[in-house]
Amino acid sequence: MEKREQLYEGKAKKVYATDDPNLVIVDYKDDATAGNGAKKGTIRGKGVVNNKVTNSLMRMLEKEGVPTHFVEELSDRETLVKKVSIVPLEVIVRNVAAGSFTARLGVKEGTRFDQPTLEYSFKDDDLGDPLINHYHALALKAATVEEMKTIDTYAFQVNEVLKNYLRQYNIDLIDFKLEFGRLSDGTIVLADEISPDTCRFWDATTGAHLDKDLFRRDLGGEVEAYQEVMKRLLGE
Ligand code: C5P
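J.: Any chance you could break down the pairing of strand 9 (residues 89-96) for me, citing the residues and the numbers?
T.: For strand 9 and strand 10 (residues 112-122), the ladder comprises seven bridges, and the chain directions are antiparallel. In the sheet register, Glu 90 faces strand 10, and the bridge partner there is Ser 121. As defined by bridge partners, strand 9 adjoins strand 12 (residues 171-182) across four bridges and the pair is classed as antiparallel. Paired with Ile 92 across the bridge in strand 12 is Lys 177.

J.: Got a sec to walk through the site of the ligand? Specific residues and values, please.
T.: Near the ligand there are 14 residues, and of these Gly 99, Ser 100, Lys 177, Thr 198 and Arg 200 occur at the shortest range. Within the residue set of the shell around the ligand, elements represented by two or more residues are strand 9, helix 2 (99-105), strand 12 and strand 14 (199-203). Among the residues forming the shell around the ligand, the class breakdown is five nonpolar, three polar and six charged.

J.: An account of the sheet that holds strand 2 (residues 13-18) is needed here, citing residue identities and associated values.
T.: Strands sit in the order 1-2-3-7-6 across an open sheet of five strands; the sheet is antiparallel. The open sheet has two free edges, formed respectively by strand 1 (3-9) and strand 6 (70-73), since each of these has just one partner strand. When the angles between neighbouring strand axes are averaged without regard to direction, this sheet yields 30 degrees. Of the strand pairs in this sheet, strand 3 (residues 23-28) and strand 7 (residues 78-82) are connected by five bridges, and their pairing is antiparallel.

J.: Explain the nonpolar core to me, using residue names and the numbers behind them.
T.: Counting residues in hydrophobic clusters, the biggest one holds 53 residues, and the most contacted among them are Val 91, Ile 151, Phe 180, Leu 190 and Val 229. Those residues in contact with Ile 151 that lie beyond four places of it in its chain are Val 87, Val 91, Ala 143, Phe 180 and Ile 188.

J.: Go over the pairing of strand 3, please, and point to the residues and values.
T.: The sheet contact formed by strand 2 and strand 3 spans five bridges and is antiparallel. Each bridged residue has a counterpart across the sheet, and for Lys 13 the counterpart in strand 3 is Tyr 28. Between the antiparallel neighbours strand 2 and strand 3 lie four residues.

J.: Report on unusual backbone geometry, specifying residues and quantitative values.
T.: One non-glycine residue with positive phi stands out, namely Asn 36, at about 50 degrees. Tracing the backbone shows Asn 36 in the loop between strand 4 (31-34) and strand 5 (39-42). Note on Asn 36: 12 C-beta atoms within 10 Å, which makes it exposed. Backbone geometry at Asn 170 places phi at a positive 60 degrees, although glycine is not the residue there. The topology assignment puts Asn 170 in the loop between helix 4 (145-167) and strand 12. On the neighbour-count criterion, Asn 170 (13 C-beta atoms within 10 Å) is partly exposed.

J.: For the confidence of the model for the protein chain, give the residues involved together with the corresponding values.
T.: Within the protein chain, residue pLDDT values average 98, and 100% of them lie at 70 or more. Our summary of model confidence lists the complex with pTM equal to 0.98 and ipTM equal to 0.98.

J.: So what's going on with the environment of Gln 157? Which residues, and what values?
T.: Structurally, Gln 157 can be placed in helix 4. Residue classification places Gln 157 among the partly exposed positions, given that 15 C-beta atoms sit within 10 Å. Here the alpha-carbon distance between Gln 157 and Val 223, two residues 66 residues apart in the chain, equals 30 Å.

J.: Account for helix 6 (residues 222-234), naming residues and giving values.
T.: Residue pairs three or four apart in sequence face the same way in an α-helix, which turns once every 3.6 residues. Look at helix 6: 18 Å from first C-alpha to last across 13 residues, which is about the 18 Å you get at 1.5 Å a residue. Where helix 6 is concerned, the buried positions are Glu 222, Ala 225, Tyr 226, Val 229, Met 230 and Leu 233. Buried residues of helix 6 fall within an arc of 140 degrees about the axis and therefore sit on the same side. Packed against the buried residues of helix 6 are helix 1 (46-63), strand 14 and helix 5 (213-216). Just downstream of helix 6 lies Gly 235, where phi reads positive at about 70 degrees.

J.: Break down the environment of Asn 170 for me, citing the residues and quoting the values.
T.: The spacing of Asn 170 and Ala 204 is 34 residues in sequence and 5.1 Å in space, taken between C-alpha atoms. Sequence-distant contacts of Asn 170, defined by excluding residues within four places in its chain, comprise Asp 203, Ala 204 and Thr 205.

J.: How would you sum up the packing of helix 1 against helix 6? Please name residues and give values.
T.: Relative orientation and spacing of two packed helices are given, respectively, by the angle between their axes and the distance between those axes. As a packed pair, helix 1 and helix 6 sit with axes 10 Å apart at the nearest point and diverge in direction by 30 degrees. Taken together, the axes of helix 1 and helix 6 are roughly parallel relative to one another. Along this stretch, helix 1 crosses helix 6, giving a crossing that reads as left-handed. Along its contact with helix 1, which presents Lys 46, Val 49, Lys 52, Val 53 and Ser 56, the element helix 6 presents Tyr 226, Gln 227, Val 229, Met 230, Leu 233 and Leu 234. Of the residues assigned to the contact of helix 1 with helix 6, the class counts are seven nonpolar, two polar and two charged.

Conventions used here
- Residues numbered from 1 in each chain as written.
- Predicted model: local features only at pLDDT ≥ 70, side-chain atom pairs only at ≥ 80, totals over all residues.
- Pairing = 2+ DSSP bridges.
- Helix = DSSP H or I, 4+ residues; strand = E, 2+ residues; numbered from the N terminus.
- Near = placed C-beta within 6 Å.
- Nonpolar A, V, L, I, M, F, W, Y, C, P; charged D, E, K, R; others polar.
- Axes fitted to C-alpha atoms, helices over the stretch in contact; angles between N-to-C directions.
- Core = buried A, V, L, I, M, F, W, Y, C linked by C-beta atoms within 7 Å.
- Buried ≥ 20, exposed ≤ 12 C-beta atoms within 10 Å, placed from the backbone.
- Contact = placed C-beta atoms within 7 Å.
- pLDDT = per-residue confidence, 0-100.
- Expected span 1.5 Å × (residues − 1).
- Arc of directions from axis to C-beta.
- Parallel < 35°, antiparallel > 145°, perpendicular 65-115°, else oblique.
- Left-handed = near helix turned anticlockwise from the far one by under 90°.

If you want it as C-alpha cells, here you go:
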C-alpha cells in the first residue's frame, strides 16, 4: 500500500490517497481550533493521542457490532481507513448538560439527563454548522430516511457501549460528536474520529475536564489531559 497525493486538509487532519481507490490515509495534526476557527492554536502531542485513542475505540466498537471505516494503524499519527463519502451531519449525543446545550437552553452544566439526547448539525463552515432537525436533514438531502434510521441507531449504540467502556477507566462520557460515511456500495459506517477533540470526558471522581474544553475555554492543562486519556485507555 502506497501513500499518494493529498486529497484534503481539514482543521485537525490531512487525508491522502493510496494506490487502492477504496482506501485513504488519515494524518492527525496537533493544530487545534475552536468556535468554528475563531480560536487557533496547537495542543502538543494531540495528533498522536487522537490517532491512537480513535483507533482503539473504533476497534472496540467494531467488536460490539458498529461498523467503522477503520482498517489499520500505520504510525503514531497515520491510519489507513476505508474511503467514504461523508454524510454532512454532525451527530451529537449527550448524557449530561454541557457546552452549547447549557448555553442555548439555560440548563446548569453537569445536569444528568434521564435518557440521552440526539441532535444534528449541518456540516457547513460558512453557515457555522447550524443545528437542524431530522426533517431539515431530509429536506437538505443530507441523508435518506433509511440512512437517518441507521445513523440514529448506531449513535445510541455507540453511546451505550462507549459510556460503559469508559467507566472502567474512571471517565464519565458527557457528550460526543460522530460523523458517518457511505462506502462505495452505500453502506453506512462510523467515520472521522472519537477523541478528546470530539468528546467531553470528565474524570468520574473529580469531574476534571479531560478534553478540548480546556483549550476552548482557556483553562490550561490540555496537553497533560490528552496524555492522561491515552494513558488511561492504552497504558501509554
Ligand atoms: O459545543 P457542543 O456542546 O454542541 O458540543 C457537543 C459535543 O460535540 C462535544 O463533545 C464537542 O466536543 C463535540 N463537537 C465536535 N465538533 C464540533 C462541535 C461539537 O466534536 N464542531
